Every structure is written in structure tokens, then in C-alpha cells.
Amino acid sequence: MGTVEPEVATTSEAAAPVTDGFQLVIDALKLNRIDTIYGLPGIPITDLTRRAQAEGLRVLAFRHEQNAGYAASIAGFLTQKPGVCLTVSAPGFLNGLNALAHATTNCFPMILISGSSEREIVDLQQGDYEEMDQLAIAKPLAKAAYRVLHAEDIGVGIARAIRAAVSGRPGGVYLDLPAKLFAQTIDAEAGKRTLIEVVDPAPRQIPAADAVARALEVLKSAKKPLIILGKGAAYAQADGEIRAFVERTGIPYLPMSMAKGLLPDTHEQSAAAARSYVLPEADVVMLVGARLNWLLSHGKGKTWGGKGHKDWGGQKFVQVDISPQEADSNVRVDAPVVGDIASCMAALNAALGAAWPKPPAEWLAAIAERRTKNVAKMAETLAKNPSPMNFHSALAVVRDIVKANPDAMFVNEGANALDFTRSIVDMYKPRKRIDVGTWGVMGIGMGYCVAAAVATGQQVIAIEGDSAFGFSGMEVETICRYNLPVCIVILNNNGVYKGTDVNPTGGPDVAPTVFVKGARYEKLMEAFGGVGVHVTTPAELRKAMEDAIRSRKPTLINAAIDETAGTESGRITSLNPTAKKK
Ligand code: FYN
Ligand code: ADP
């Protein structure tokens, strides 16, 4: 165990103060107002975590690097500053890679900093401790990847990493720091001069006036216009401009999962409850920070009114995005507006004019009719109180609790636990809902909880499938260690999708989708000093959630629900080649 080294060490032969690699990394982060590190100590970065903490950075140590990485990635989404994840070499680095790729895929700014082994030995493949060419491995998964070999270059390395992470389309950046670098010493004054305070790391990108005019012209031609808001719109923190545009045009909008709450889900222009009606019916669709990827059926096929799987439904698309390459990635985009969303929406609002015609009344009435019908159907389902409790009766409680606590951060992962929650639990404020994202990944849960609590200071509510929770469950120790106001609700139906599969051979192993029946997950929280509650009814769930929010204590509520509840692959059964609709 090393001791904490002084900020400025002095060599025996020279009186001039010197600094070292550890210190320069910390100084460079601080200079750029990066105040939190999510990571896991070990060789060669243990002293970096100690010294960073001694210097006033918040260093949050996790039990597995993947969770620290997911935390960093979502901190980037929530704050527009790169979330930093710090790991050891080879295995720790590899554990962090999943999150790095996740950040890149989801357009979240994140920097994965990993210690690495001695270059000379790695390159000659002489079998070093944790030998691995990490830079080469990280490159295809990152938006950018850099290695720093000399202490004098640390300032440049951190500056480049920050710019790459947050400018243009945000993404994951890898920064390779070999062990030897940390111990290098240089003159302290000279070292200070090498540091860079990044000026304007995410420069505004103003859209061209003709692109804005074209977009409005296409929109104006619509009989059935629709706006789709994606998580890029949430990231942009342009909430006022977005809301103004939606309300001034009167166009119905559909929030993608993490854009829920950008306008309150109860907004009269929300078409969320008429999704499968508006997508094929709309004639002009404006995408704001949303890609036409699988989550939007690639803009074609039956979802969009096309005749076959790949058939274009005939819609025109307007796409507001920071990436000039995004348009036409799946179907033709008639009016790309390239720029940052804040600047684009401001320009669109400025060009709207006072007399923008509202969409035809028949379109709005048809949507309202579908919405009213679906909302009424949902209300009927939620009012039931079956025994045992099921997804709906549990989520009816969660819906009320979130309504009463609109500032709470909301984490959600699972299959059915994700899909039911998304459509049942309304969000009221921007950037409150954080979930599995572009990949539908399981495992973001506890990392997101930690980062959401730390980055926002708000109460966190996590709705977890029992399978999803398992990917990061050990981090309840981290949540307890930092005493974070996190209330985890596990919707426990004894398995993946549901708990009723049987082994067709009659052999001793249970089916691959089945877990220990009646597992007592709440005891995991109790083991570390948090509050664990086992509930079987909506009333018990309500009380447990209210207690958790009132006390702000780390709480895990194990909500036992009907093990027959749930469908294979939730709402995305069509992607599962062998799924039987059950
Ligand atoms: C939505 N809906 C509502 C409401 N909101 N009804 C009543 N009231 C309210 N407030 C209705 C909506 O109209 C839909 O019905 C239905 O609920 C589902 O809405 P959702 O969730 O918006 O739509 P859908 O079709 O599920 O969206 C497609 C999707 C989504 C691909 C965007 O499924 C998704 O985000 N999936 C992510 C899945 C994932 O990542 N899983 C993790 C891997 S799980 P209809 O209009 O009648 O259709 C591994 O197995
Ligand atoms: P969703 O899954 O919610 O549909 P996506 O992740 O598919 O959202 O899309 C997000 C889009 O937002 C990406 O294409 C990305 O380039 C874009 N984006 C991210 N940040 C900004 C920003 N500040 N300004 C403009 N576009 C942005």
C-alpha cells in the first residue's frame, strides 16, 4: 500500500520543485472542471485514485469496472461533461470496454482511462503483467483513442479526450496511460505550462438558413405531421426551445424512451399512447435527436405503413441532428438540418413566423381518439388488483409515486419490466428517465443509480427486472457505502421473461430462463446496512417506496409478482427468431 505523495515532490539533486504523472493527470482534470471519477483501484492506478481524492475530486469506487463505466457514461449524458471511468490494465480495461462501446453507441460523452503495462514488453509480446495492446483493442469501440507516453503530453492527452468526447456527436473516448507515465517527474512549473484548459469544448454548430427554411417548407406541406424526440434532444438541454417549437406548431409528438418528460408525458400533444396509429399514418415526420434505427423500425416496413418488411411507407422525413452523416442512413431524408439541437431549434423557432398553420383538425382528432381509447384501456387494467400482484398492479403504484416525486431520477431495465414501465409510468421533467438505450443492454442498472444520485443529488428510483438486476446487483454495496438515496424495486417473477419454463428432459437442471424461486434479493441490501423489504401486494409496495423516499436510505424492495406474468422478449418479440407468442 503506497502512501499519499505530496502534491509537489522534490528530488535530491535539484531544488526546483517537480511534479509527476499522477499529479498532472489530476491537475488536468481539475483544470477542466472534471470533479468526479468512477472507477476501481488496482495496479497501476491505485495511487491515482488516492491522490485524486486527496485533491478534492470525488472518487467513487465500484465492485466491477463495467458498472463504473456505465455510471460514467450516464453522468456524461446528464451533465454534458465527459464522465470519467478509471480502470486497471488488461482485465479491468476489458471490463470497462462494454461501457465505452455503450457510450459511443448511445452518443454519450465518456472517457475511459486505463492504466496499461510496459509498452516495450507489450509490443514485443514478452509476457508482461496484464500484457495487452489496449489502444488497438479500444479503437473500434471508441469515437477516439489516445495514448500518452510522456508526462509533458498529459495535458494534451486529456484535452484531446475531452474535445473528442463532447464535441459534435458525443461518444466514448479511450485514454491509455502506461504505468511508467505516472511515476515520471518533470519540473513543476514546466508541467503546469503543459496543461490545457479546453476552451469551448462543444462548440455550437449553427444550422444553415436554407436547411432551416427547407425543413419548415416540408413540414408546412404536411397533412399529418409528427415530431419524434430522441435522447439526443434530451441531451442537448434545449428544453425551452423544443417545447416552444412543439407548442407553436401544434404538431403531435412521440418521445423515444429517454426523451420521455422532455415535455410532460401528460401533455395534450403527446401521441405516445397512439404510437402504432401515428407511425404509419403520418406523412411528414420530424426527427429531433433520434435515429431511424431498430427502435424506429428503420423508418420503413409495416410499422410505417409499408407493404412488406423493407417497404418504404411514403413518409417524408426532416431530421435535426448534429451528425451530417446521419441523414439517409435508413430511408431518404428530405430535409436534414445539421447542427446542435439548441441552435437548430432556436433557428427553427425564429423562422416559424407568427402565423404557422396548426395541423389539420382531423389529424389531431384522430390521434386524440386513439389516445383516449388506449389511456382508458390502460386505466382499466391498472385499476385491477389481481393476486398475485402482476407487472401492471405493481407499476400502477410506481406511476403514482413518480407523479408525486417528479424530480426523482428514474432508472429502468429489464424486458417486460422495461416495456411495461415505459408505457405505464409517466415522466414529467426532462432527463429523468435513463434506461437500456440503443442496444437494449442489461446491466446498466446499479451503475446508473450511483451516477444519477451523484450527478443530480436527487432521489433515485430504479425499476428492475429480476434478471436485469443480477448483472450489476453487487453494486448495492457501493450504494450503501456512499449512502445514496436509491430505491430499487425488483419486479421478481422468478426468471428471464417469466419463471415458468420447464426442462423438457425432466433432468435435474431447471430451464435456462428460470432462477431460484422466491429469491430474497432484499437481503443483499440488508447485508450492507441498507433497508430490504419483501412485498407481495401493491399496498405494501406503496408503503415501502414512500418510506424509502422519505428516509432517503438505500432501499431494495423485492416485489414478488406473478411468475406467469410476462411475455417472451417483452414488446420486441419480433426480433427473437424462435420466440413463440405466449
Ligand atoms: C404508450 N402506450 C400507452 C401509453 N403510452 N397506452 C396508454 N397510456 C399511455 N400513457 C401504448 C402505446 O400506444 C403502445 O400501444 C404500447 O403502449 C407500447 O408503447 P411503446 O412502449 O411506446 O411502444 P413500443 O411499440 O413498445 O415501442 C417500440 C420500441 C420499444 C422498439 C421503441 O419496444 C422499445 O423501446 N423497446 C426497447 C426494448 C429493449 O431494449 N429491451 C431490452 C432487451 S429485452 P400501441 O400503440 O397499441 O402499439 C431482451 O429480451
Ligand atoms: P433515441 O434512441 O432516443 O431515438 P438516438 O440515440 O438514436 O436517440 O439518437 C440520438 C441522436 O441525437 C444521434 O443521432 C446524435 O447524433 C444526436 N445528438 C446528440 N447530441 C446532440 C446535440 N447536442 N445536438 C444535435 N444532435 C445531437
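A quick note: this is a predicted structure, and the numbers were derived from the prediction, not measured.

A. The arrangement of the environment of leucine 216 in detail. With respect to the helices and strands, leucine 216 occurs in helix α10 (residues 209-220). The buried category is assigned to leucine 216, whose relative accessible area is 7%. Distance from leucine 216 to alanine 335, taken between C-alpha atoms, is 8.8 Å for residues 119 residues apart in sequence. Setting aside its immediate chain neighbours within four residues, leucine 216 contacts Phe245, Leu348, Ala351, Leu352 and Trp356.

B. Looking closely at the packing of aromatic side chains. Following the criterion strictly, the structure yields nine aromatic pairs and no others. Ring geometry for phenylalanine 22 against phenylalanine 182: centres 5.0 Å apart, planes inclined by 15°, an arrangement best described as stacked. Of the two residues, phenylalanine 22 sits in helix α1 (residues 21-31) while phenylalanine 182 sits in helix α8 (residues 179-183), which places them 160 residues apart along the sequence. Pair check on accessibility: phenylalanine 22 and phenylalanine 182 agree, each one buried. The interplanar angle of 35° and the centroid separation of 6.4 Å between the aromatic rings of phenylalanine 77 and tyrosine 235 together place this pair among those described as tilted. Of this pair, phenylalanine 77 sits in helix α3 (residues 65-79) while tyrosine 235 sits in helix α11 (residues 231-235); the two residues are 158 residues apart in sequence, bridging distant segments of the chain. Exposure class is identical for phenylalanine 77 and tyrosine 235. Each is buried. Three or more aromatic residues link up through ring pairs in this structure, and these residues are Phe77, Phe108 and Tyr235. A cation over a ring is seen here: arginine 370 above tyrosine 277, with NZ or CZ 4.1 Å from the ring centre.

C. The sheet that holds strand β4 (residues 83-87), seen in detail. Taken in spatial order, the six strands line up as β3-β2-β4-β5-β7-β6 in an open sheet, and their pairing is parallel. Looking at strand neighbours, the two that pair on one side only are β3 (58-61) and β6 (144-147), the edges of this open sheet. Each adjacent strand pair in this sheet contributes to an overall mean axis angle of 20°, direction not counted. Note that β4 and strand β5 (residues 110-116) share five bridges and pair parallel. When the bridges of β5 are listed, threonine 87 appears paired with serine 114. Across the sheet, helix α4 (residues 90-106) is in contact with β4, β5 and β7 (172-178); its angle to β5 comes to roughly 160°. Relative to β7, helix α7 (residues 154-166) is tilted by about 165°, and along the sheet it contacts β5, β6 and β7.

D. Seen up close, the site of ligand 1. Neighbouring residues of ligand 1: 23 residues in total, closest Arg275, Ser276, Arg422, Tyr497 and Arg571. Within the backbone of alanine 272, a nitrogen or oxygen atom sits 3.2 Å from an oxygen atom of ligand 1. Contact with the protein chains removes 80% of the 1,000 Å² of surface that ligand 1 exposes when unbound. Residue assignment for the shell around ligand 1 shows that the elements contributing at least two residues are α13 (275-281), α15 (361-383) and α17 (416-424). Take the shell around ligand 1: its biggest share by element is four residues, from α17. A class-by-class count of the residues in the shell around ligand 1 yields 13 nonpolar, six polar and four charged.

E. Seen up close, the pattern of salt bridges. Evaluation of the coordinates by the stated rule reveals 26 salt bridges. Between arginine 243 and glutamate 247 there is a salt bridge, with the nearest N and O atoms lying 2.9 Å from each other. Of this pair, arginine 243 and glutamate 247 both sit in helix α12 (residues 239-249), four residues apart, which is roughly one turn of the helix. With a relative accessible area of 34%, arginine 243 lands in the partly exposed category. Linked through salt bridges whose partners overlap, the residues forming this network are Arg119, Asp123, Asp133, Arg147 and Asp176.

F. Structural view of the nonpolar core. Residues Tyr38, Ile242, Ile434 and Ile488 are the most contacted members of the largest nonpolar core, which totals 89 residues. If we ignore the near neighbours within four places in the chain, the residues touching isoleucine 434 are Ile74, Phe77, Leu78, Met258, Met409, Phe410, Val411, Asn412, Tyr448 and Ala452. Judged by nonpolar contacts, the second largest core, of 38 residues, contains Leu29, Leu57, Ala164 and Ala165.

G. Just the site of ligand 2, in detail. Among the 20 residues in the neighbourhood of ligand 2, the closest are listed as Arg169, Lys231, Arg291, Asp321 and Ile341. Here an oxygen atom of ligand 2 and a side-chain polar atom of arginine 169 are 2.7 Å apart. In the environment of ligand 2, a nitrogen atom lies 3.1 Å from a nitrogen or oxygen atom belonging to the backbone of isoleucine 322. Against a free-state accessible area of 580 Å², the protein chains account for coverage of 96% of ligand 2. Broken down by element, the residue count for the shell around ligand 2 peaks at three residues, all from α11. Split into classes, the residues belonging to the shell around ligand 2 amount to nine nonpolar, six polar and five charged.

H. A look at the confidence of the model for the protein chain. For the protein chain, per-residue confidence averages 95 on the pLDDT scale, and residues scoring 70 or more make up 97% of the total. Throughout residues 1-11 the model reports pLDDT below 50, and contacts reaching past four residues in sequence, or to other chains, amount to 22 contacts.

I. Up close: α15. Taking 1.5 Å of rise per residue, the 23 residues of α15 would be expected to cover 33 Å, and the 32 Å separating its terminal C-alpha atoms lies within 8% of that figure. Those residues of α15 that fall on the buried side of the exposure criterion are Trp363, Ala366, Ile367 and Leu382. For α15, the elements touching its buried residues are β9 (225-229), α13, α16 (391-404) and α17.

Calculation notes
- Residues numbered from 1 in each chain as written.
- Chains lettered and ligands numbered in written order.
- Predicted model: local features only at pLDDT ≥ 70, side-chain atom pairs only at ≥ 80, totals over all residues.
- Heavy atoms only, no water.
- Helix = DSSP H or I, 4+ residues; strand = E, 2+ residues; numbered from the N terminus.
- Buried < 20%, exposed > 50% of the residue type's maximum accessible area, 1.4 Å probe, protein only.
- Contact = heavy atoms within 4.5 Å.
- Phe/Tyr/Trp six-rings, centres within 6.5 Å; stacked < 30°, edge-to-face > 60°.
- Lys NZ or Arg CZ within 6 Å of the ring centre and 35° of its normal.
- Pairing = 2+ DSSP bridges.
- Axes fitted to C-alpha atoms, helices over the stretch in contact; angles between N-to-C directions.
- Near = heavy atom within 4 Å.
- Polar contact = N/O pair within 3.5 Å; in protein donor to acceptor, adjacent residues only side chain to side chain.
- Areas by Shrake-Rupley, 256 points an atom, 1.4 Å probe, with all protein chains shown as cover.
- Nonpolar A, V, L, I, M, F, W, Y, C, P; charged D, E, K, R; others polar.
- Salt bridge = Lys/Arg side-chain N within 4 Å of Asp/Glu carboxyl O.
- Core = buried A, V, L, I, M, F, W, Y, C linked by side-chain atoms within 4.5 Å.
- pLDDT = per-residue confidence, 0-100.
- Expected span 1.5 Å × (residues − 1).

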